[in-house]
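# A structural walkthrough
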Amino acid sequence: MSFSGPSIGTGGRAARRAFEFGRTYVVKPKGKHQATIVWLHGLGDNGSSWSQLLETLPLPNIKWICPTSPAQPLTLFGGFPTTAWFDVSDLSEDAHQDEEGMDASAAHVLSLLSTEPPNIKLGVGGFSMGAATALYSASCFTHGKFGNGNAYPTHLDAVVGLSGWLPCAKDLSKKIEGEEAANRASSLPILLCHGKADDVVRFRFGEKSAQKLSSTGFKNLTFKAYDSLGHYTIPEEMDEVCSWLTSKLELEGKL
């Protein structure tokens, strides 16, 4: 998957793409600050809409950071530019995976978390393509490095994906080889939610992603299905997110 098509430089070498991220919106905790979560929007959206929703949740101990992805041509849209965390042609495992774009977005998430206090628990979550980017970040954390080989030094305490999918699924088993990576994978709490009526990212992609993660060693995974839910969120789903985060991050829930 790629943010834009391959760009060719002189000498036949692929030129590095420039990723210009948009505005970041921050929702400050209303109570004691115990956790910080970077939340990633879906395709064509921005950080503002999700920051407004997250501010209404009864999670006073969480600081939410809602960045905006770069705007760039999308192969799925015939090269039409839109806000996207990486480029995508389709969601199949055999489709081209834009690891460069995913690395850039995962590195941006990492930079947003890097300035948080040491006693604060850290997480990443998202909707649709944002969920896919969150899961890619999870795979980088367990592997200890990005797809390009650069170190991934930050610990993640929770990952949430709504109506999304697992990118680079074919390579996942390679990323958790070794005892250290396997331990990180087995202990990382992941919540995935998906609607059975989703006509954008079909339910089968969410279900298959959960199965792939579980079978590869991500043992602390919860998968929730919603019968009539399409490609959006509902209060019932957000209630589940709140309960799950409160439990997994051991939040006090006090103002």
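Reading the values: rules and limits
Residues numbered from 1 in each chain as written. Predicted model: local features only at pLDDT ≥ 70, side-chain atom pairs only at ≥ 80, totals over all residues. Heavy atoms only, no water. Helix = DSSP H or I, 4+ residues; strand = E, 2+ residues; numbered from the N terminus. Rg over C-alpha atoms; globule rule 2.2 N^0.38 Å. Buried < 20%, exposed > 50% of the residue type's maximum accessible area, 1.4 Å probe, protein only. Contact = heavy atoms within 4.5 Å. pLDDT = per-residue confidence, 0-100. Expected span 1.5 Å × (residues − 1).

### Quick word on the overall build of the protein
The helix and strand tally for the protein stands at 7 helices and 9 strands. For the protein, whose C-alpha radius of gyration is 17 Å, the value lies close to the compact-globule estimate of 18 Å for 255 residues. Its C-alpha atoms give the protein principal-axis dimensions of about 60 × 40 × 35 Å. When each of the 255 residues of the protein is scored for burial, the buried share is 53%. Counting only contacts in the protein whose residues sit at least 6 apart along the sequence, the fraction spanning at least 24 positions is 78%.

### A word on the confidence of the model for the protein
Residues with a pLDDT of 70 or more make up 93% of the protein, whose mean pLDDT is 90. This model gives residues 1-14 a pLDDT under 50, and the stretch forms 44 contacts once residues within four places in sequence are excluded.

### Brief notes about helix α7 (residues 235-248)
Think of an α-helix as 3.6 residues a turn; residues three or four steps apart then line up on the same face. Under the 1.5 Å per step criterion, the end-to-end length of α7 is 20 Å for 14 residues, consistent within 8% with the ideal 20 Å. Its buried side turned inward, α7 meets β2 (35-40), β3 (62-66), β7 (158-162), β8 (190-195) and β9 (221-226).

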